[in-house]
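So you can see what is in the structure, the chains are spelled out below.
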Amino acid sequence: MRTVIAIALGAALGAGGFALAQHDKHGDAAKVKSLLEQDVSETIDGKEARVSAIEVSYGPGGFTPPHRHPGAVFGHVLEGEYEAQLEGQPLRKLKVGDTFYEPTMALHSVSRNPSKTANTRLLAVILHPRDAKELVILEKPKH
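Just so you know, the residues in each chain are numbered from 1, in the order the chain's sequence is written. Totals for whole chains, interfaces and linings use every residue, but because this is a predicted model, local features are given only for residues with pLDDT of at least 70 and side-chain atom pairs only at 80 or more, for both listing and counting. Only hydrogens and water are removed before side-chain values are computed, so all heavy atoms of the structure are retained for them.

**Q** I would appreciate a short explanation of the nonpolar core in the present structure.
**A** Generally speaking, nonpolar side chains in soluble globular proteins are found buried as a group. The term nonpolar core refers to a set of buried residues drawn from Ala, Val, Leu, Ile, Met, Phe, Trp, Tyr and Cys, joined through side-chain atoms within 4.5 Å. For the exposure calls, accessible area comes from a 1.4 Å probe over protein chains only, and a residue counts as buried if that area is under 20% of its type's maximum, exposed if over 50%, partly exposed in between. One finds Y58, V73, V77, Y82, L94, F100 and L122 to be the most contacted residues of the largest nonpolar core, which totals 14 residues. Those residues in contact with L94, other than ones at most four positions away along the chain, are V77, G80, E81, Y82, T99 and F100. L35, V40, I44 and L127 belong to the second-largest nonpolar core, a separate cluster that totals 10 residues. Whether two residues touch is decided by their heavy atoms; if any such pair falls within 4.5 Å, the residues are in contact.

**Q** Would you mind going over the environment of A30 with me for this structure?
**A** Only runs of H or I of at least four residues qualify as helices and only runs of E of at least two qualify as strands under DSSP, and these elements are numbered from the N terminus. Take A30: it is sitting in strand β1 (residues 30-44). For A30, a relative accessible area of 0% gives the class buried. Taking C-alpha positions, A30 is 9.3 Å from N113, a pair spaced 83 residues apart along the chain.

**Q** How should the pairing of strand β2 (residues 47-58) be read in this particular structure?
**A** Here is the key point about a regular strand: its side chains alternate between the two faces of the sheet. With respect to burial, β2 is a largely interior element, nine of its 12 residues being buried. If DSSP finds at least two bridges between two strands, the strands pair. Two elements, β1 and β2, share 12 bridges in a ladder whose sense is antiparallel. Bridge assignment links A30 to a residue of β2, and that residue is Y58. Between β1 and β2, which pair antiparallel one after the other, the connecting turn spans two residues, and D45 there sits at a positive phi close to 50°.

**Q** Honestly, the packing of aromatic side chains in this entry has me stumped. Any pointers?
**A** The geometry of an aromatic ring pair comes down to the distance between the two centres and the angle between the two planes. For this analysis, a ring pair means two rings from Phe, Tyr or Trp (six-membered ring only for Trp) whose centres lie within 6.5 Å, classed as stacked if their planes differ by under 30 degrees, edge-to-face if by over 60, and tilted for the remaining angles. Throughout the structure, instances matching the rule amount to three aromatic pairs. Aromatic pair F74 and Y101: ring centres 5.6 Å apart, planes at 45°, arrangement tilted. Of this pair, F74 sits in strand β4 (residues 72-79) while Y101 sits in strand β7 (residues 99-102); the two residues are 27 residues apart in sequence, bridging distant segments of the chain. Ring-pair connections join several aromatic residues into one group, and the members of that group are Y58, Y82 and F100.

**Q** For this particular structure, what's the right way to read the sheet that holds β1?
**A** The pairing of strands in a sheet happens through backbone hydrogen bonds and is either parallel or antiparallel. As summarised here, the arrangement of the five strands in space is β1-β2-β9-β4-β7, forming an open sheet in which the pairing is antiparallel. The sheet terminates laterally at β1 and β7, the two strands that pair on one side only. When strand polarity is set aside, the average angle formed by the axes of neighbouring strands in this sheet is 15°. Judged from the 10 bridges that link them, β2 and strand β9 (residues 120-129) form a sheet pairing that is antiparallel. Each residue of the ladder has a partner; that of A53, found in β9, is V125. Lines fitted to C-alpha atoms define the axes, with helix axes restricted to the stretch in contact, and inter-axis angles between N-to-C directions lie between 0 and 180 degrees.

Rendered as C-alpha cells:
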C-alpha cells in the first residue's frame, strides 16, 4: 500500500505527457490538462497498472456529468471550491487544500464548481489498469 501511495504522490508532483479520454466527456465549462501517464510495476486485480495525473479546471458553474473511473482516484483541490458526491454518500463541499478519494468504478454523481464567479482547479491522480480504454466512463441515463 505504501508503494501505491508513493506512486500517487510522485505522479502528482511529476510532469510529462498524458493523453486523456475525449475532452467532450466533460461539461462545457470543464477543461482537462494532461500532466502524466506512467506505467508502474504494481498490478490491479492481476493486470498491469498505469498512473495518470490530470488537472481538471471548471469555470464558474462548471460541472462534469455523472461518471465512473476504471481505477482509484486521489484528488486535491488546487483553486476555488468543489462539490462532489459519490453514490450513497452525502454531498461534500471541498476548498483549496482539501483532498478526496474515489474507489474504482464508484459512481461520481455530482462533480461541480458551485461558484457563479470563481474558477475551480483540481489535481486528480488515477491508478488504473493499463488496458483501460477510457479514464472517464459516462453513466448512461436511466429512463
